[in-house]
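Residue strings, one per chain:
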Amino acid sequence: MADQTHDHLQTLREMRSRAILGGGAKRIEQQHARGKFTARERLALLLDEGSFQEFGALATHQFSAFGLDKQRFPGDGIVTGFGKISGRRVAVFAQDFTVLGGSFSEVQAQKISRIQDLALESGIPLIGLNDSGGARIQEGVRSLAAYGEVFVRNVMASGVIPQISVILGPCAGGAVYSPALTDFIIMAGDGTMFLTGPDVIKAVTGEVVTAQTLGGADVHMSRSGVAHLAAETEVAGVALSKLLLSYLPQNNNEDPPQIHPEDPPNRMDDALNTLIPDDENQPYDIRDAIAAIFDHDSFLEIQPAFAANAVVGFVRLDGYSVGVVANQPAFMSGALNIDASDKIARFIRICDSFNIPIVTFVDCPGFLPGADQEYGGVIRHGAKIIYAYCEATVPKISVVTRKAMGGAYVAMSSKQMRTDLAFAWPTAQIAVMGAEPAVRVLYREEVSKSGDPAARASELVAAYREQFFNPYRAADLGQIDEVIEPRETRPRLARALEVLRTKVQQNPPKKHGLSPT
Ligand code: HXC
């Protein structure tokens, strides 16, 4: 009897050892030679030591066509299970490029679906480490259908549990869409994402591109807006996913964890009182305000290089997670355009899904004028910002630092769009449009008929500025709740957020709204 038990254990141990080797020692060597870690090494970087519980280590495909019978590897090119990050439970999967290029198979789908289901039922975030050549070609329609299994679960989990995708190698063809359905994409190492590869593009269009110029981190961080964060190395990319998770709750029924606050909430920074330049058209970097107002070194900027005219990201105030949305006067004068609208709207919805209050800093001359923008649908894109702010039920606070002109005033968390508290700095300018264009529209005849049109125009401009280029008219009307010294912003926000922490607001019951797309 004892011998039999010994045999059983021996068999299990051998099978597990084989599974741990993925595609075999030679393939692991190749992976390392490319400067890449294996799936298991990546999971070891991600998870608290000893916390990983694997499921499905022995699952293997059952196909024989195209020589697949000679390429059966336990685990089938993916490692799945549960573990902990800083003591918090997470569901994880890591694609194993050493097995058939990490290609996506029916078994991979079964394994991912299993942990997606368990993660959703238990309210646990899901992190996927991607490294895959796309649908496993040999499996034909089965591998295509398999994607659908994962996609539907990505969508069902959307807004319930945080979903983070880290791209650490090729993410080709159908492999791109599961990450695209998750909340955040982090690109690291030599990760690339593209729907159709360089070979296909060359064959169809004659265009010559490389995987990196087509879908490397630079492209997706600055041009396409597909990725949210990037890191040079795999180690740094995995570390970013952990940092990002620290701002998020386990699920939409919980609040994000408060970390032990090191920075006193009542701290004031006098430098803020002189941050806004005397010349109103002079740029300044809104990230300096964010750094001075929130907890030291707590700002994790999301999509920093895409639509840099808007700044979004997570910060902490008194140790609590806060989502920041801001115009960036240092880039395109902070004007809103199509890409900035998409970036802001999505970020607001993420914060709202995960119970993260939103603080908005407004310094925006309005929407960027131009035929390109109109043809590109700036109307429907800009509408997304309005929709997202109106729909969001988390605490919302706005701070007008300088320009809040026209559409920008309305769209950027204006009071009527269920913003809880609106602050303004004394430098705020709240008007329908700038002084010169306003005078041109209102007083064309009067200016042209005057003896000295230039002098009359500048008098009228001065009167308009006197009337509107301050926060006090808006404060008179209650559109601004309080005009504050910039240095007071941190304590004001901390106290306001403390009051709003128990805010309860509900939208009317509906199947779902129809956010402009
Ligand atoms: C089966 C694959 C595979 C795939 C790679 N491999 N991709 N096997 N199905 N999709 C295998 C290779 O044959 C090779 O096996 C091993 O993985 C490593 O691949 P290499 O090509 O040697 O690696 P590399 O040079 O780094 O190139 C990686 C790559 C390239 C860029 C991912 O393999 C590639 O272009 N693959 C195909 C990508 C693609 O077009 N996928 C889309 C599938 S269609 P051996 O044994 O020779 O070493 C799709 C549509 C779904 O996904 C749509 C759903 C919405």
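Residues numbered from 1 in each chain as written. Predicted model: local features only at pLDDT ≥ 70, side-chain atom pairs only at ≥ 80, totals over all residues. Heavy atoms only, no water.

Draft legend 1. Layout of the packing of aromatic side chains. Using the criterion set out here, one finds 9 aromatic pairs in the structure. Aromatic pair Y247 and F314: ring centres 5.7 Å apart, planes at 20°, arrangement stacked. Of this pair, Y247 sits in the loop between α10 (234-246) and α11 (286-293) while F314 sits in strand β10 (residues 310-317), and the two are 67 residues apart along the sequence. F314 matches Y247 in its accessibility class, with the two residues each being buried. Here Y464 and F469 contribute two aromatic rings whose centre-to-centre distance is 6.2 Å and whose plane-to-plane angle is 70°, an arrangement assigned as edge-to-face. Neither Y464 nor F469 differs from the other in exposure class; each is buried. Through a chain of ring-to-ring contacts, three or more aromatic side chains come together here, namely F184, Y247, F314 and F347. The ring of F97 is capped by K36, whose NZ or CZ atom sits 4.4 Å from the centre of that ring. One Lys or Arg, R316, reaches over the ring of Y247 and ends 4.1 Å from the middle of that ring. (Phe/Tyr/Trp six-rings, centres within 6.5 Å; stacked < 30°, edge-to-face > 60°. Helix = DSSP H or I, 4+ residues; strand = E, 2+ residues; numbered from the N terminus. Buried < 20%, exposed > 50% of the residue type's maximum accessible area, 1.4 Å probe, protein only. Lys NZ or Arg CZ within 6 Å of the ring centre and 35° of its normal.)

Draft legend 2. Inspection of the packing of helix α3 (residues 39-46) against α10 at higher detail. The N-to-C vectors of α3 and α10 enclose an angle of 45°; their axes lie 9 Å apart at closest approach. With respect to their mutual orientation, α3 and α10 come out oblique. Crossing angle aside, the handedness with which α3 passes α10 is right-handed. Contacts from R42, L45 and L46 in α3 reach E234, V235, V238, S241 and K242 in α10. Looking at the contact of α3 with α10 residue by residue, the class counts come to 4 nonpolar, 1 polar and 3 charged. (Axes fitted to C-alpha atoms, helices over the stretch in contact; angles between N-to-C directions. Parallel < 35°, antiparallel > 145°, perpendicular 65-115°, else oblique. Left-handed = near helix turned anticlockwise from the far one by under 90°. Contact = heavy atoms within 4.5 Å. Nonpolar A, V, L, I, M, F, W, Y, C, P; charged D, E, K, R; others polar.)

Draft legend 3. Main features of α3. Where α3 is concerned, the buried positions are A39, R42, L43 and L46. One side of α3 carries all its buried residues, which in axial view fall inside an arc of 100°. Close packing links the buried residues of α3 with α2 (25-33), β2 (78-85), β3 (88-95), β4 (126-132), β5 (163-172) and α10. (Arc of directions from axis to C-beta.)

Any functional reading would require information beyond the geometric quantities listed.
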